[in-house]
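Spelled out from the first residue to the last, the chains are:
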Amino acid sequence: MMTKRIFSALLAAALSLSLLAGCGSTSGSTASSAADGPQRYSTVFYDVFDTVTQVIAYCDSEEEFTAQMDALHADLVEYNQLYDIYNDYDGVTNIKTINDNAGIAPVTVDDKILGMLELAQTMYDTTGGKLNIALGSVLNIWHNYREAALADGNDSNNQLPTQEELDAAAQHCDIANLIIDEDAKTVYLADPAMSLDVGSVGKGYAVEQAAQAAETRGLTSALISVGGNLRAIGTKPDGSQWVGGVENPWNSSEVYTNGSSTVAAVKMSDLSLVTSGDYQRYYVVDGVRYHHLIDPATLWPAAYFDGVSVLAPDSGVADCLTTGLFCLPLEEGKQLVESLDGVEALWCTTLSVIASQCHLSRRARLCCLYPRPAVGSPFGGAGKANRL
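Here is what the cut-offs are and how they apply
- Residues numbered from 1 in each chain as written.
- Predicted model: local features only at pLDDT ≥ 70, side-chain atom pairs only at ≥ 80, totals over all residues.
- Heavy atoms only, no water.
- Pairing = 2+ DSSP bridges.
- Helix = DSSP H or I, 4+ residues; strand = E, 2+ residues; numbered from the N terminus.
- Contact = heavy atoms within 4.5 Å.
- Axes fitted to C-alpha atoms, helices over the stretch in contact; angles between N-to-C directions.
- Buried < 20%, exposed > 50% of the residue type's maximum accessible area, 1.4 Å probe, protein only.
- Core = buried A, V, L, I, M, F, W, Y, C linked by side-chain atoms within 4.5 Å.
- Salt bridge = Lys/Arg side-chain N within 4 Å of Asp/Glu carboxyl O.
- Phe/Tyr/Trp six-rings, centres within 6.5 Å; stacked < 30°, edge-to-face > 60°.
- Lys NZ or Arg CZ within 6 Å of the ring centre and 35° of its normal.

Peer 1: Pulling in residues and values, what's your account of the sheet that holds strand β4 (residues 178–181)?
Peer 2: Strand order in the open sheet formed by three strands is β3-β5-β4, and the pairing between neighbours is antiparallel. Because the sheet does not close on itself, it has two edges, and the strands there are β3 (107–108) and β4. Direction of pairing for β4 relative to strand β5 (residues 186–189): antiparallel, over a ladder of four bridges. Looking at β5, one finds that I179 is bridged to Y188. Here helix α4 (residues 111–126) sits on the sheet and contacts β4 and β5; the angle it forms with β4, its principal contact strand, is near 130 degrees.

Here you go:
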């Protein structure tokens, strides 16, 4: 089932992070063997953003590491609740609260919601509307069809939404109807039929803010992975950079291994690496995969790429850009990347059934490790990983 595949992929991402960053424990916390200086610890938890979170960090003591992780986890739990569009929580005003009050009244919200929504508005303009958190009514239709398919378990019963359904919902996706009053700290949806879906920005923004808060508390060396959304803090104590990996989008196996799950790697410090792909959230109709990354122009899953990865100083920006670039043709996406300071990208494109290749932006430090054999591929190779 797809739910099993999603969990397997996420767990593999956590394991891959551990292997790329250096061997260590993936549960609880374990110190490195060095006698002096900061010790290496790692931990994993599973209860935020419906994904696996792993943190590898260097601290002076296990007590310091535990305190840092308790605070980091608490921050991520708070952001998860604030950005939830499906569930209510006691005493919490969240995105669902805003949606429930569409066309009714402004909702007073936390600064953590205001900041995230303001970033989303900015990135809507940056991506030419390809990143649109006001697309919730359309995304909800696809979500419902996908969930029905996963619950049924028989692909032959799977259905697609009609164009008429999608077109009707698209009439309620105008981001201009998202009214933010910074002074009053309120958010109002002027269209009673519209809804927000912040899946394309919420997790990335949360990771960035949580990482910055950890740095303020004194964490100086860490690699945080929330469902493969990577954020590096500083460098390792020896001055070397952290290494993050990009999952191989062409691996059709339900269980990923270190030898097959990584298509690219990047050395990073105080940077974020985020990937969007068509290979985790999807369902199949008549042998065709329909994933969750919807192009606002067509209202159907974007068909340009298998995966897009973005390296940027800010995790929220990187999260927005992966979605926006996934919905843009390659040349337009490359132009966008080249126009942004400090942003690099990798596109994994399906040229045909048997030919795929990676494209790197001009300034990219992303190093392709595992390109699928492709006609005319600049990377070549026989499909085995070349470790750095």
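Peer 1: Account for unusual backbone geometry, naming residues and giving values.
Peer 2: The backbone phi angle of D286 is positive, close to 55 degrees, even though this residue is not glycine. Note on D286: relative accessible area 75%, which makes it exposed. The backbone phi angle of L299 is positive, close to 70 degrees, even though this residue is not glycine. Secondary-structure assignment places L299 in the loop between β12 (288–291) and β13 (307–312). For L299, a relative accessible area of 6% gives the class buried.

Peer 1: Describe the environment of S42, and please don't skip the residues or the numbers.
Peer 2: Mapped onto the elements, S42 comes out in strand β1 (residues 39–48). Each C-alpha atom of the pair S42 and I56 lies 4.3 Å from the other, and the pair is 14 residues apart in sequence.

Peer 1: Give me the nonpolar core: which residues, what numbers.
Peer 2: Of all hydrophobic cores here, the largest spans 71 residues; its most connected members are Y83, I98, L117 and I133. In terms of residues, this core owes the most to one element, α4, which gives seven residues. Within the second largest apolar cluster, 16 residues are counted, among which are Y58, L230, W242 and L311.

Peer 1: So what about the environment of V77? Which residues, and what values?
Peer 2: Tracing the chain through its elements places V77 in helix α2 (residues 62–82). Residues V77 and A206, 129 residues apart in the sequence, show an inter-C-alpha distance of 9.6 Å.

Peer 1: Could you give an account of the pattern of salt bridges, naming the residues involved and the relevant values?
Peer 2: Across all of its chains, the model carries 11 salt bridges by this definition. One salt bridge connects D111 with K185, and the closest N-O pair in it is separated by 2.8 Å. Taken as a pair, D111 in helix α4 and K185 in the loop between β4 and β5 lie far apart in primary sequence, 74 residues in all. Looking at K185, the relative accessible area reads 35%, which means it is partly exposed. Connected via shared salt-bridge partners are E78, D110 and K112.

Peer 1: Describe the packing of aromatic side chains, naming the residues involved and giving the relevant values.
Peer 2: Under the defined criterion, the tally for this structure stands at 10 aromatic pairs. Arranged with centres 6.2 Å apart and planes meeting at 20 degrees, the rings of W142 and Y290 form a pair that is stacked. One end of the pair, W142, is in helix α5 (residues 136–152); the other, Y290, is in strand β12, with 148 residues separating them in the sequence. Each member of the pair, W142 as well as Y290, carries the same accessibility label: buried. Taken together through their ring pairs, the aromatic side chains of W142, Y283, Y290 and W300 make up a single cluster. In this structure, R289 packs its charged tip against the face of Y282, placed 4.2 Å from the ring centre.

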